[in-house]
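Residues per chain are reported as follows:
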Amino acid sequence: MSSNDLKGMSINYAKDIKSKATNLLRRRHTDASFIDKGLVPSREEIYKWQTSFEHLLNHKYGIALFRGFLKTEFSEENIEFWLECEDYKYTSKELKRIAKSKKIYQDFVAIGSPKEVNLEIELRAHTAQSILNPSHDTFERAQRRIQALMEKDSYPRFLESSLYKNLLGSNSPPAPDHKSSPLCASTENLSSSSSSKSIQLSLTKLFTKPNQIESKDQRCAASASSNELVK
């Protein structure tokens, strides 16, 4: 192998490492941006997550929390596959759809793929055949199968997990829909604001590195001590 070949391999390897690092940072920033915007789920939405799996999957924070739970069980490939299939269904350009279908198959469906999901032999073969002429519903059967597996297996454990229960416990059940006095309305708004902060804190801890949380807590403690000295 010539020196030029070795140099070329080194450059390609460096580019590959840089690309993977960039994607990792972009993905973490995307997750964290949910929290940075301060858009947190309401009490009603959090309680809806336990009424049906569809409610959970229809809420981006519900998916984020569920994904965090699946990471602890080392089975996040299921929700990742489901999300990729959702994105694929709304891909309108044919060339892009063909490229996506091949990538999804290679990443999740092919035997021995890096994030192989649990599919029956017949369904795996059907999906392999479908990507030869990909359409919007190429992965529909496989996606439904994985959704059913998550609903039956992971979803009940998620509802019993400390991750969800801590979020649920920091919020009282949704108040009945009735007219209230100005004083009651003021109290409810205060409660809602408090709940919103506790939800945001829980989600921030999910997507923030431990040392970042610790640093923030230390700054808060230092600020409190400073206020005490001033008093």
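Calculation criteria
Residues numbered from 1 in each chain as written. Predicted model: local features only at pLDDT ≥ 70, side-chain atom pairs only at ≥ 80, totals over all residues. Heavy atoms only, no water. Helix = DSSP H or I, 4+ residues; strand = E, 2+ residues; numbered from the N terminus. Buried < 20%, exposed > 50% of the residue type's maximum accessible area, 1.4 Å probe, protein only. Areas by Shrake-Rupley, 256 points an atom, 1.4 Å probe, with all protein chains shown as cover. Core = buried A, V, L, I, M, F, W, Y, C linked by side-chain atoms within 4.5 Å. Contact = heavy atoms within 4.5 Å. Axes fitted to C-alpha atoms, helices over the stretch in contact; angles between N-to-C directions. Nonpolar A, V, L, I, M, F, W, Y, C, P; charged D, E, K, R; others polar. Salt bridge = Lys/Arg side-chain N within 4 Å of Asp/Glu carboxyl O. Phe/Tyr/Trp six-rings, centres within 6.5 Å; stacked < 30°, edge-to-face > 60°.

### Quick word on the overall build of the protein
Of the regular secondary structure elements, the protein holds 11 helices and 0 strands. Secondary structure elements of the protein, listed N to C terminal, follow the sequence α-α-α-α-α-α-α-α-α-α-α. Buried residues in the protein amount to 31% of all 231 residues. If you sum the accessible surface of the protein, you get close to 15,300 Å²; carbon and sulfur atoms cover 55% of it.

### Side note on the nonpolar core
Ranked by internal contacts, the top residues of the largest apolar core, which has 34 residues, are Phe66, Phe81 and Phe158. Those residues in contact with Phe66, other than ones at most four positions away along the chain, are Phe53, Leu56, Ile79, Met150, Ser154, Tyr155 and Phe158.

### Details of the packing of helix H7 (residues 121-130) against helix H8 (residues 140-160)
Between H7 and H8, the shortest axis-to-axis distance is 9 Å and the interhelical angle comes to 145°. Together, Glu122, Leu123, His126 and Thr127 of H7 and Arg141, Ala142 and Arg145 of H8 make up the contact between the two elements. A breakdown of the residues in the contact of H7 with H8 according to their chemical character gives 2 nonpolar, 2 polar and 3 charged.

### Comments concerning the pattern of salt bridges
By the definition in use, this model includes 12 salt bridges. Residues Glu73 and Arg157 are paired through a salt bridge, measuring 2.7 Å at the closest nitrogen-oxygen approach. With Glu73 in the loop between helix H4 (60-72) and helix H5 (77-89) and Arg157 in helix H8, the pair connects residues that are 84 residues apart, well separated along the chain. The class for Glu73 is partly exposed, based on a relative accessible area of 27%. Bridged by salt links that share partners, the residues Arg67, Glu80 and Lys115 form one connected network.

### A few points about the environment of Leu168
By secondary structure assignment, the location of Leu168 is in helix H9 (residues 162-169). The sequence separation of Leu168 and Arg43 amounts to 125 residues, and the corresponding C-alpha distance is 8.2 Å. What Leu168 contacts, discounting residues up to four positions off in sequence, is Ile46, Tyr47 and Gln50.

### Points about the packing of aromatic side chains
Summed over the entire model, instances satisfying the criterion amount to 10 aromatic pairs. Seen in terms of ring centroids, Tyr88 and Phe139 are 5.2 Å apart; in terms of plane orientation they differ by 85°. Their pairing is edge-to-face. Here Tyr88 is found in helix H5, whereas its partner Phe139 is found in the loop between H7 and H8, with 51 residues between them in sequence. With relative accessibility at 1%, the residue Phe139 sits in the buried group. On the basis of an interplanar angle of 40° and a centroid distance of 5.2 Å, the ring pair of Phe158 and Tyr164 is categorised as tilted. In this structure Tyr164 comes out as buried when scored by relative accessible area, which is 1%. Feature note: the residues Trp49, Phe53, Phe66, Phe69, Tyr155, Phe158 and Tyr164 constitute an aromatic cluster, connected by ring pairs.

### Structural notes on unusual backbone geometry
Positive phi outside glycine occurs at Phe74, with the angle close to 55°. As for its position among the elements, Phe74 is in the loop between H4 and H5.

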